[in-house]
Amino acid sequence: MPPFLGLIRAQSADSTHCTSSTPPAPEGVILRRPSQDATCSHPHRASTGSLPPSTPSTLGSLGTTGSELQNHGSPVPQSPHRVSWIEDGVWLPPPRPSSLLQPPMLELDSLSISSIEEEQESHVPSPTPHHSSPHRLADKVINRLSAVGQALGGLVSQRKRLNNRVQEMSERKGGAFAETVKEFVEMTLKRGTDPARDMGFEFLQEVRSSLTSLRETLLDYPEFQSLLDSITDLSDLEIELSLHKVALKPVSAHLCSCIHTSRTNDGTFGRLQSNLRLLEKNSVEELGGSLGVGVPDCVSLERIQQRWTSMHEAYSPDKKVQILLKVCKSIYHSMSANASSARTVFGADDFLPCLTWVLLRSDVVTLQVDTDYMMELLDPTQLQGEGGYYLTTIYASLYYISSFQPRLPARQLSVEAQHSLNQWHRRRTLHCEQSRRSKHRRTIRRQACQERGSQNSETKTGSAEESGEANDSVDIDESQQQMESIREAL
Amino acid sequence: MAAGGMGGKTYSFKVVLLGEGCVGKTSLVLRYCENKFNDKHITTLQASFLTKKLNITGKRVNLAIWDTAGQERFHALGPIYYRDSNGAILVYDVTDEDSFQKVKNWVKELRKMLGNEICLCIVGNKIDLDKDRHVSVEEAESYAESVGAKHYHTSAKLNKGIEELFLDLCKRMMETAQAEERLKGNGASQSASSRRGVQIVDDELQATPAGGCCSSG
């Protein structure tokens, strides 16, 4: 598992806006604002309104003067600690005693090598120029920066070479990879518009397997192989990320809007929003947390909201997961730091209630879209690691909220939930098999596409059976029986 | 990938930790992994997701341990977590009869949902409180045997029985994975989950029979 925690900066400057109901994130995350600014009276909750379908915001608006003003209405921060992309706490000295606000994260959680080059190419002006930092800090920071920078310089250039090559190959006229990317983007943008045909997550599973096929196409190029041979320190994740840039970025807004439509139609959003009203007054103890466990204060909560916004803006599922992990980390921090008892270690018994508590103060609709996006599009090899665990946890937490029914036995698992789990499972096994049999990959995909193409008019169930879904039906039957037996046991 | 064998040398296993709240799941796994904290992990101080690397008879094993919330209200979330697990550790508190009943429910559910490929460990924790024991050793052990699970007694507090539990579980998961490899013939090893799911054979999409669905509970 590549160590992908904490390598990517929260505010990914090159991220596309998917459909968004929240204002774009301010480009600079404010770590410590002047203390008079800390009079945050109420935890901020972003609007839970519906997302307009397929309206990618222009990236340009991000870099304009508006970004500061949109910072939840707070005045332009005057913190001297902001040093362009390093505002995230990594390079900063320990908090000064004069600051009332604590940085939620003290670890190396947001150093991003990739964000350096991404910012360069996206031309987003940093809100605060470097020279405005106080000398004391600047010296320290610059020293550390240059030392680490030299060590990382090789990595940055390797990553850049990889990205540039993939970019170049995706634009090469007549090239097989370029053609496949083009075809993928065009096909994907056409799909998902017909509610009778493309709803549900089958479509996203196809997108995922196309991404894998694209990666294989790339790896089949001898020139790409020799590039990989010449660079040593980059993981598979880097190839995946560079692929996201050329293939997923153009379609991410569309995919978000498809998920949104799908979740609107299956009633998830309606349930989420009505249950949110039922549950939002609950304390973390009422949500199942043990007595005395801490929850984020309003400052941390506001920061979490900013991270959710960044998460929504990222087009790469891997980058989204990175941001999710940062949020989880800050929740853990609050659990111990704000605990009324002396316990400092908490497991899932307490984390899930705390995460749920946070979600109940967040834009659950957008989070559901992002969670689905990650669940469906993340490379399955990532799903067993830490990212997979916390992704599963946010999925579970959202499911807990949307399925909350105070009068029903807690053990009842709805048929819909089973179905969705089975579909997810199917994608993963299918995809893992694909990875294993890489040489057959494209053949399989084409065949699968043809099959689907010939069955466009049929119902989803029909096509599912054709593509080998008999198992899942069995699964569903089994689990229904099983749930019945559990109900009997109750 | 549930069980990847790279030339039969490295295994990656997912183990899910189930059991009522307060039976000591978290302490158990924390005790096991506490010397292995990786500072790059979110879990430096936390214990919901932990990893451990082992070397067993010359084979490398990467263990990913998934903690779950044990409260009754979260029971329905179980399948979201235990999907694709190679092993499950079902923890009860030896002083709490009810927590043992919960374990029985989990066994039934796991056998129904995942078949016999998942290695089950039933763990009576808190044996340091043996004087308050409410679950008899004989009952627990014979139950475990009857459902094809192994039974262990542990104390997270005294660090008793925990190494044995995980080592044993790893060996069993390796055996299962190896048996599967043999079954599949040479070359590619399969993930345990793939036998329960869709397989692609020779460019065709084929359904395979579902894995064991015996409910030995």
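Residues numbered from 1 in each chain as written. Chains lettered and ligands numbered in written order. Predicted model: local features only at pLDDT ≥ 70, side-chain atom pairs only at ≥ 80, totals over all residues. Heavy atoms only, no water.

> So what exactly am I meant to see when it comes to the overall build of chain A here?
Tallying secondary structure elements over chain A gives 19 helices and 0 strands in all. Per-residue burial for chain A yields a buried fraction of 58% across its 490 residues. For chain A, the accessible area works out to roughly 19,400 Å², and carbon and sulfur atoms hold 55% of it. (Helix = DSSP H or I, 4+ residues; strand = E, 2+ residues; numbered from the N terminus. Buried < 20%, exposed > 50% of the residue type's maximum accessible area, 1.4 Å probe, protein only. Areas by Shrake-Rupley, 256 points an atom, 1.4 Å probe, with all protein chains shown as cover.)

> Could you clarify how one ought to interpret the pairing of strand β5 (residues 119-125) of chain B in this entry?
Along any regular strand, the residues point their side chains to alternate faces of the sheet. Residues and elements named next belong to chain B. The element β5 is largely enclosed, with a buried count of 7 among its 7 residues. Here β5 shows no split at all, with C119, C121, V123 and N125 on one side and L120, I122 and G124 on the other all buried. Across 7 bridges, the pairing between strand β4 (residues 87-93) and β5 is parallel. The residue of β5 that forms the bridge with G87 is C119. Tracing the backbone out of β4, into helix α3 (residues 97-114) and back to the parallel element β5 gives a crossover that is right-handed. Pairing analysis gives 4 bridges linking β5 to strand β6 (residues 150-153), with the strands arranged parallel. Looking at β6, one finds that C121 is bridged to K150. The β-α-β motif built from β5, the intervening helix α4 (residues 137-146) and the parallel element β6 has right-handed crossover chirality. (Pairing = 2+ DSSP bridges. Right-handed = clockwise from strand over helix to strand, strands pointing away.)

> I keep staring at the nonpolar core and nothing clicks. Help me out?
One finds F177 and W308 of chain A together with I122 of chain B to be the most contacted residues of the largest nonpolar core, which totals 112 residues. Tallying contributions element by element places helix α15 (residues 386-402) of chain A first for this core, with 10 residues. Counting only domains with at least three residues in this core, you end up with domain 1 (146-266) and domain 2 (267-439) of chain A. Not counting residues within four places of it along the chain, the set of residues in contact with W308 of chain A comprises L324, V327, V358, L359, S362, L367 and I394 of chain A. L30, I89, F166 and L169 of chain B belong to the second-largest nonpolar core, a separate cluster that totals 32 residues. (Core = buried A, V, L, I, M, F, W, Y, C linked by side-chain atoms within 4.5 Å. Domains from an automatic or database assignment. Contact = heavy atoms within 4.5 Å.)

> Even after reading the chapter, I still don't get the pattern of salt bridges, so can you show me in this structure?
A side chain of one charge can pair with a side chain of the opposite charge when the charged atoms of the two come close. All names here are of chain A. If you walk through the whole model with that rule in mind, you get 21 salt bridges over all chains. Residues R215 and D379 are paired through a salt bridge, measuring 2.6 Å at the closest nitrogen-oxygen approach. Within this pair, whereas R215 is found in helix α6 (residues 202-220), its partner D379 is found in the loop between α14 (364-377) and α15, the two being separated by 164 residues in sequence. Each member of the pair, R215 together with D379, is buried. We note a salt bridge from D372 to R263, for which the minimum N-O separation is 2.6 Å. Of this pair, D372 sits in helix α14 while R263 sits in helix α9 (residues 252-265), and the two are 109 residues apart along the sequence. Just as D372 is buried, R263 falls in that class too. Three or more residues are tied together by salt bridges with common partners; here these are R165, E168, R172 and E223. (Salt bridge = Lys/Arg side-chain N within 4 Å of Asp/Glu carboxyl O.)

> What is the right way to look at the packing of aromatic side chains in this model?
Each pair of aromatic rings is reported with the distance of its centres and the angle of its planes. Considering all chains together, one arrives at 15 aromatic pairs over all chains under this definition. Taking the centre distance of 6.1 Å and the plane angle of 90° together, the rings of Y332 of chain A and Y390 of chain A count as edge-to-face. Of this pair, Y332 of chain A sits in helix α12 (residues 317-337) while Y390 of chain A sits in helix α15, and the two are 58 residues apart along the sequence. Both residues of the pair, Y332 of chain A and Y390 of chain A, belong to the buried class. For the ring pair Y32 of chain B and F166 of chain B, a centre distance of 3.9 Å and an interplane angle of 10° mean the geometry is stacked. Placement of the pair is Y32 of chain B in helix α1 (residues 25-33) and F166 of chain B in helix α5 (residues 162-184), with a sequence separation of 134 residues. (Phe/Tyr/Trp six-rings, centres within 6.5 Å; stacked < 30°, edge-to-face > 60°.)

> Whenever I open this one, the packing of α1 of chain B against α5 of chain B confuses me. Can you help?
In helix packing, the relevant descriptors are the interaxial angle and the interaxial distance, both defined with respect to the helix axes. Residues and elements named next belong to chain B. For the pair α1 and α5, the least separation of the axes is 10 Å and the interaxial angle reads 85°. Considering the angle they form, α1 stands roughly perpendicular to α5. Facing L28, V29, R31 and Y32 of α1, the residues of α5 in contact are I162, E163, L165 and F166. Taken together, the residues of the contact of α1 with α5 break down into 6 nonpolar, no polar and 2 charged. (Axes fitted to C-alpha atoms, helices over the stretch in contact; angles between N-to-C directions. Parallel < 35°, antiparallel > 145°, perpendicular 65-115°, else oblique. Nonpolar A, V, L, I, M, F, W, Y, C, P; charged D, E, K, R; others polar.)

> Looking at this structure, I do not really get the pairing of β4 of chain B. What am I missing?
All names here are of chain B. Among the 7 residues in β4, 7 count as buried, and that is most of the element. Of the two faces of β4, the one lined by G87, I89, V91 and D93 and the one lined by A88, L90 and Y92 are each fully buried. Note that strand β1 (residues 10-18) and β4 share 4 bridges and pair parallel. Pairing of V16 across the sheet is with A88, part of β4.

> Looking at this structure, how should I read α9 of chain A?
For an α-helix the count is 3.6 residues per turn, leaving residues at separations of three or four pointing the same way. Residues and elements named next belong to chain A. With 14 residues, α9 should cover 20 Å at 1.5 Å per step; its first-to-last C-alpha distance of 20 Å lies within 8% of that length. A large share of α9 lies buried, amounting to 11 of its 14 residues. Among all positions of α9, only S252, A253, H254, L255, C256, S257, C258, I259, H260, S262 and R263 are buried. Where α9 is buried, its residues contact α4 (176-190), α6, α8 (236-248), α10 (268-279), α14 and α15. G267 occupies a position one or two residues after α9 and carries a positive phi of about 85°. (Expected span 1.5 Å × (residues − 1).)

> Can you walk me through the sheet that holds β1 of chain B in this structure?
By definition, the strands of a sheet pair up through backbone hydrogen bonds, in either a parallel or an antiparallel sense. Here 6 strands make up an open sheet; going across it, the order is β2-β3-β1-β4-β5-β6 (chain B) and the pairing mixed. Whereas interior strands pair on both sides, the edge strands pair on one side only; in this sheet they are β2 (49-56) and β6 of chain B. Looking at each pair of strands side by side, their axes are set apart by 25° on average, direction ignored. Contacts from α15 of chain A reach β2 and β3 (59-67) of chain B, with the element oriented near 20° to β3 of chain B. Where α3 of chain B meets the sheet, it contacts β1, β4 and β5 of chain B, and its direction lies at approximately 160° from that of β4 of chain B.

> So what exactly am I meant to see when it comes to α6 of chain A here?
Taking 1.5 Å as the rise per residue, α6 of chain A with 19 residues should run 27 Å; its terminal C-alpha atoms sit 27 Å apart, in good agreement. With 17 of its 19 residues buried, α6 of chain A lies for the most part within the structure.

> Can you help me understand the environment of G192 of chain A in this one?
Residues and elements named next belong to chain A. In this fold, G192 is placed in the loop between α4 and α5 (195-198). Owing to a relative accessible area of 11%, G192 belongs among the buried residues under this scheme. The spacing of G192 and T261 is 69 residues in sequence and 9.1 Å in space, taken between C-alpha atoms.

> Please clarify how the confidence of the model for chain A should be interpreted in this entry.
Reading fine detail from the predicted coordinates is not recommended where pLDDT is low. Residues and elements named next belong to chain A. Summary statistics for chain A give a mean pLDDT of 67 and a share of 49% for residues scoring 70 or more. Averaged pLDDT values over the elements of chain A bottom out at 35 in helix α2 (residues 113-122) and peak at 97 in helix α11 (residues 298-313). This model gives residues 1-130 a pLDDT under 50, and the stretch forms 274 contacts once residues within four places in sequence are excluded. Per-residue pLDDT stays below 50 along residues 436-490; that stretch engages in 83 contacts with residues further than four places along the chain or on separate chains. (pLDDT = per-residue confidence, 0-100.)

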